[in-house]
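Examining the three-dimensional arrangement
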Amino acid sequence: MSGELGKAVDKLVADFNASQKNVIVEAVFQGTYDESLNKMKASMDTKSGPSLIQVYEIGSRFMIDSKAITPVQQFVDADKFDLSQLEDNILNYYKFDNKLYSMPFNTSNPILYYNKDMFKAAGLDPEKPPKTYEEIATAAKVLSKDGKSGSSFAIYGWFMEQFFANQGVEYLNNGNGRTASATESLANNEAGVKTLTWWKDMVDNKTSANLGRKTDDTKKAFLAGQVAMTLDSTASLRGIVSGADGKFQVGTSTLPKPADAKEGGVVVGGASLYILNNKSEAEQKGAWEFIKFLTTPQTQAWWHVNTGYFPITKKAYDEQLVKDNLAKYPQFQTAIDQLHNTKANKATQGAVMGVFPEARQIVETAIEEALTGKKAPKEALDGAAKSITEKIAAYNKTVK
C-alpha cells in the first residue's frame, strides 16, 4: 500500500513493535497487488520472500493452490482464537471448506456516490437516491444537462463481479468455484448481458460518460462537478467527502441492481494476510502475533477511521473513535448497512479461480468493446467467457 494507506500501515507496524519485545515486524512496499503477487511467485523457491504477505481477494485461489502457505486456521485452532468476534460476511469470503487460510485485513465494497446539489438543481430528491438500474437510468437523463453527465462508472472488472453478486447470481460454475474448482466462466449469462446493456444504453444516449478504466478519472470528474453519480470503493469515501468539501454535498447509496433481481448483496473486496510456510516456526508464530494485534477492536477502529476500510472486528463499532467518525461522515453508514444486509449465499461469498487477475482484465476488455460499439454486449461477454474458461482449464492442469 502506498500514499496515505502506506503511512497507516507503517504506523500499525510501529505500534505493534512498540507493544512487545519478542517480534520485530519490518514492512516492505512491493508495488501494486499484481506486482507484489508476481514477486512472491518469483521468490517461492527461495527463502528470500516475506513471512507475511498481503494479497488481494482475487489472489485467494492461487495462494491456496500454491501450497506455499500455512493456513491461518492452524494458528486459530492452536490458540483457541475466537473467530466469532469477526464480521461473518467478511470471514465468509476467505473461508474455504470451512477453513480460514488467511486473515482478512483491509475490506471494502463498492457504493454509489452522488452529488446532492446536482440532484436538488435537477428537481430530484437528494434524500432519495436511485437504487435500481432503471432508477439510475431515469435520474441520469434528468441530471445530464449543461455539458454535465448524469453518471460515469469506470470500466472496472470488480464492478461487474459485484453486479452479479448483487443479483444473487454466480460468476463461475461449481458454486462460484466454492463447491469444486471452477471450470467455466458465467460472465455471459443473463445477469451480465442485462448489466452491460443497461450501462451501454446510458453511454449511447449520453447520460453516462465513458472515462475509461481508471476509477481515479471518474473520481476526479465527480469531484469537479462534471458527473452527478459514480461508483467507487468504500475505501475512497473519506477522500471523496473531503475532496467535495466546500463545493457540494456528497450522498451515498447502495450498489444498484435491476428492479426484478433476486436477493443478493456485495462481495468483500480488499485483501487478506497469508503466513508463508518456508519460514521458521518462530517467524510464523511472530507473524501470527502481529495478525492478532491487527484484529483487535482498537487497531481496527483506528485503521477504519484513517483509511475508510471496514473494521473486520464487530466490537470496533463500539469504540468512541468509530462513533465520532460516523457522526462526522454519516455516508459511511451506507457501506456498513450494505455489508450487514448482504444475504450469505454462493453468489455473495464471491467467485474464486486461480486466474482471477487475468479474468478481470478480459472482462474489462469486453466492457470496453461494448461501450465503444465494437461488439454487442452479448457478443462481447460471450468472447470474454470463452477466453476465461480456456484460461481456467490451462490453470487447473497445473494444480497438483
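The structure this text deals with has already been given above.
Note on numbering: residues in each chain are counted from 1, in written sequence order. Owing to the predicted nature of the model, reporting of local features is limited to residues with pLDDT of at least 70; listing and counting of side-chain atom pairs is limited to 80 or more, with chain, interface and lining totals taken over all residues. To obtain the side-chain values, all non-hydrogen atoms of the structure were used and water was disregarded.

Some details on helix H12 (residues 237–244)
Three- or four-residue spacings in an α-helix give side chains the same orientation, since the helix completes a turn every 3.6 residues. We call a residue buried when its accessible area falls under 20% of the maximum for its residue type, exposed when it is over 50%, and partly exposed in between, using a 1.4 Å probe and counting protein chains only. Numbering of helices and strands runs from the N terminus; a helix is a DSSP stretch of H or I covering at least four residues, while a strand is a stretch of E covering at least two. Burial in H12 covers these residues: Leu 237, Ile 240, Val 241 and Ala 244. Relative to the axis of H12, the buried residues are bounded by an arc of 95 degrees and lie together on one face. The contact criterion used throughout is that any non-hydrogen atoms of two residues lie within 4.5 Å. Elements that come into contact with the buried residues of H12 comprise strand E6 (110–115), helix H11 (215–223), strand E8 (227–233), strand E9 (250–253) and helix H16 (332–341). Residue Gly 246 follows H12 closely and has a positive phi angle near 85 degrees. Directions are taken from the helix axis to each C-beta atom, and the arc is the one they span.

So, the pattern of salt bridges
Just to be clear on terms, a salt bridge is a Lys or Arg side-chain nitrogen sitting within 4 Å of an Asp or Glu carboxyl oxygen. For the structure shown, the criterion picks out 19 salt bridges. A salt bridge links Asp 65 to Arg 61, with the nearest nitrogen and oxygen atoms 3.1 Å apart. Of this pair, Asp 65 and Arg 61 both sit in helix H3 (residues 60–65), four residues apart, which is roughly one turn of that helix. Judged on exposure class, the residue Asp 65 and its partner Arg 61 are both buried. Note that Asp 79 is salt-bridged to Lys 292, the shortest N-O span being 2.6 Å. Here Lys 292 lies in helix H13 (residues 281–295) and Asp 79 lies in helix H4 (residues 72–79), a separation of 213 residues in the sequence. Salt bridges sharing partners connect three or more residues here, namely Glu 57, Glu 161 and Arg 360.

Regarding the pairing of E8
Looking along a regular strand, one sees the side chains alternate between the two faces of the sheet. Most of E8 is tucked away: seven of the seven residues are buried. If DSSP finds at least two bridges between two strands, the strands pair. Two elements, E6 and E8, share five bridges in a ladder whose sense is antiparallel. Note on E8: the bridge partner recorded for Leu 112 is Leu 231. Relative to E8, strand E7 (residues 149–152) runs parallel, the two being bridged by three bridges. Of the residues in E8, the one forming a bridge with Ser 149 is Val 227.

Here's the deal with the packing of aromatic side chains
To pair, rings of Phe, Tyr and Trp, with the six-membered ring standing in for Trp, must have centres within 6.5 Å; the planes then decide the type, stacked if under 30 degrees apart, edge-to-face if over 60, and tilted in the middle. Applying the stated criterion across every chain, the model contains 23 aromatic pairs. Judged by centre distance (5.2 Å) and plane angle (35 degrees), the ring pair of Tyr 33 and Tyr 56 falls under tilted. With Tyr 33 in helix H2 (residues 33–43) and Tyr 56 in strand E1 (residues 52–56), this residue pair connects regions lying 23 residues apart in the sequence. Both rings, one in Phe 164 and one in Tyr 171, keep their centres 4.8 Å apart while their planes meet at 80 degrees; by these two values the pair is edge-to-face. Comparing Phe 164 with Tyr 171, the two get one shared label, buried. Among the aromatic residues, those joined into a ring-pair cluster are Tyr 133, Phe 153, Phe 163, Trp 198 and Trp 199. A positively charged side chain is recorded as over a ring if its NZ (Lys) or CZ (Arg) lies within 6 Å of the ring centre. The angle to the ring normal must also be within 35 degrees. Seen from the ring of Trp 302, Lys 11 lies directly overhead, with NZ or CZ sitting 5.1 Å from the centre. A cation over a ring is seen here: Arg 178 above Phe 96, with NZ or CZ 4.6 Å from the ring centre.

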